[in-house]
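Below, each chain spelled out in residue letters.
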Amino acid sequence: MNHDKDSDALWNAIHQIETSVKNAQNDIKKLFLHSVRHEIAIETLNKKVDANQQENRERFNRIDNRLDNIDNRFDKVEETLAIIVNHLKP
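Worth saying up front: this structure is predicted, and the values here are computed from it rather than measured. Going along each chain's sequence as written, the residues are numbered from 1 onward. Per-residue local features of the predicted model are confined to residues with pLDDT of at least 70, and side-chain atom pairs are confined, for both listing and counting, to 80 or more; whole-chain, interface and lining totals are unaffected and use all residues. Side-chain descriptors were evaluated using all non-hydrogen atoms of the structure, hydrogens and water having been removed beforehand.

1. Some points on the overall build of the protein chain
Numbering of helices and strands runs from the N terminus; a helix is a DSSP stretch of H or I covering at least four residues, while a strand is a stretch of E covering at least two. Tallying secondary structure elements over the protein chain gives 1 helix and 0 strands in all. It is over C-alpha atoms that the radius of gyration is taken, and the globule rule equals 2.2 Å times the number of residues to the power 0.38. Computed over the C-alpha atoms, the radius of gyration of the protein chain is 39 Å, more than 25% above the 12 Å expected from 2.2 N^0.38 for a compact globule of 90 residues. Projected onto its principal axes, the C-alpha positions of the protein chain cover 135 × 15 × 5 Å. Each accessible area value is a Shrake-Rupley result obtained with a 1.4 Å probe; residue values ignore everything except the protein chains displayed when judging cover. Accessible surface, the protein chain as shown: approximately 8800 Å² in total, 58% of it carbon and sulfur. Neither His nor the chain termini are counted; the positive set is Lys and Arg, and the negative set is Asp and Glu. For charged residues, the charge sits on one atom: NZ in Lys, CZ in Arg, CG in Asp, CD in Glu. Side-chain charges in the protein chain split into 14 positive and 16 negative, and the spacing between the mean points of these groups amounts to 6 Å.

Structure representation (structure tokens):
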């Protein structure tokens, strides 16, 4: 009888170890999936930030070009006014 109790205890211990290992493996899988989801989310956010930065660069370039055009117009107006002032001088 003692032999059966030892054998049962051994098999119970092995079963508990197997259950612990399976639980640990499941926890590791969950942690890995959680980590992968975070990496994907971070990568997606980085892509969105990059796209927004590029869009803002393009907008600022367009604004800069408009300002350059306005500066050129003012320069022409100043030149024209200088010519008029020179003609009006006695």
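2. So, the pattern of salt bridges
Here, a salt bridge means any Lys or Arg side-chain nitrogen found within 4 Å of an Asp or Glu carboxyl oxygen. Under the defined criterion, the tally for this structure stands at 2 salt bridges. For the salt bridge of Glu43 with Lys47, the shortest nitrogen-to-oxygen distance reads 3.5 Å. Placement of both Glu43 and Lys47 in helix H1 (residues 2-88) is noted, with a separation of 4 residues, approximately one turn of the helix. Notably, a salt bridge pairs Arg59 with Glu55, separated by 2.7 Å at the nearest N-O pair. Linking Arg59 with Glu55, this pair stays in helix H1, spanning 4 residues, or about one helical turn.

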